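One-letter residues, chain by chain:
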Amino acid sequence: MAIEAVIWDFGGVFTSSPFEAFNRLEAERGLPRDLVRRVNATNPDTNAWALFERNEIDAARFDQLFLEESTALGHPLRGADVLPRLSGELRPRMVSALKACKQHFKVGCITNNVVSEHSPGQAGAQRAAGAMGQVMPLFDAIIESSKAGVRKPDPRIYLMMCDLLGVQPEACVYLDDLGINCKPAAGLGMKAIKVVDVDQTLADLAAATGLAFE
């Protein structure tokens, strides 16, 4: 089936990965590398991150639960110390690729996010807020987990986007920096691209769409 839509994740795709910032936090605090990633991966459907990204708890409760979960892994860390690290640096070449895709295909964004003073969509002082302001208006449709009440990798969120764009999954390319989020997209029939770095991503996207990117 011919490609009709390109669907994008936001953080770690249009901006540098928050995990890079989490690693810096861990180094600053003398904590094991990838501790935040380990907390996120423990009980991934019901942990503090999952609840917060579905907007089922507020920032204060996230702070408390994340501390409990990190303490259970032997390294106490407050959620309130993690949230400010969600910002990332904008990747101009990815934005250019989005603009190029928009000329030929429908474009959508599915983002797992949180509603708080540290949310990229809320925090005007953060670099990621500027990135959001530049990138989000380009999309034909946007689904935010904190507003939809469902988050990746739940297959329903990908089907919701297909409905919004009026396309079948088989006619979509999907980009995400997390393999766990690419897997359900591929399972639905989408051409899934895991974003490792910009050069690799644009090469894979060119192969999937037939477009050329700089």
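Residues numbered from 1 in each chain as written. Predicted model: local features only at pLDDT ≥ 70, side-chain atom pairs only at ≥ 80, totals over all residues. Heavy atoms only, no water.

(A) Local environment of the overall build of the chain. Across its full length, the chain carries 11 helices and five strands. Here the C-alpha atoms of the chain give a radius of gyration of 17 Å, agreeing with the 17 Å that 2.2 N^0.38 yields for 214 residues. Its C-alpha atoms give the chain principal-axis dimensions of roughly 50 × 30 × 30 Å. Put simply, the chain has 214 residues, and 52% of those count as buried. Put simply, 67% of the contacts in the chain that link residues at least 6 apart link residues at least 24 apart. Per element, the accessible surface of the chain, about 9,700 Å² overall, is 51% carbon and sulfur. Averaging the coordinates of the 22 positive side-chain charges in the chain and doing the same for the 27 negative ones gives two points 2 Å apart. (Helix = DSSP H or I, 4+ residues; strand = E, 2+ residues; numbered from the N terminus. Rg over C-alpha atoms; globule rule 2.2 N^0.38 Å. Buried < 20%, exposed > 50% of the residue type's maximum accessible area, 1.4 Å probe, protein only. Contact = heavy atoms within 4.5 Å. Areas by Shrake-Rupley, 256 points an atom, 1.4 Å probe, with all protein chains shown as cover. Lys, Arg positive; Asp, Glu negative; His and termini not counted. Charge placed at Lys NZ, Arg CZ, Asp CG, Glu CD.)

(B) Highlighting unusual backbone geometry. Omega for the peptide link from Lys-152 to Pro-153 comes to 15°, which places this bond in the cis form. For Pro-153, the position within the fold is in the loop between helix H8 (145–148) and helix H9 (155–165). Non-glycine residue Asn-43 carries a positive phi angle of around 50°. The topology assignment puts Asn-43 in the loop between helix H2 (35–41) and helix H3 (48–53). The phi dihedral of Asn-55 falls on the positive side, at around 60°, and the residue is not glycine. Within the secondary structure layout, Asn-55 lies in the loop between H3 and helix H4 (59–72).

(C) Here's a closer look at the sheet that holds strand S4 (residues 172–176). As summarised here, the arrangement of the five strands in space is S3-S2-S1-S4-S5, forming an open sheet in which the pairing is parallel. Since the sheet does not close on itself, it has two edges, and those belong to strand S3 (141–144) and strand S5 (191–194), each with one partner. Averaged over all adjacent pairs, the angle separating strand axes in this sheet is 15°, with direction ignored. Sheet topology places strand S1 (residues 5–8) next to strand S2 (residues 106–111); four bridges connect them, and they run parallel. Residue pairing across strands places Ile-7 opposite Gly-108, the latter belonging to S2. (Pairing = 2+ DSSP bridges. Axes fitted to C-alpha atoms, helices over the stretch in contact; angles between N-to-C directions.)

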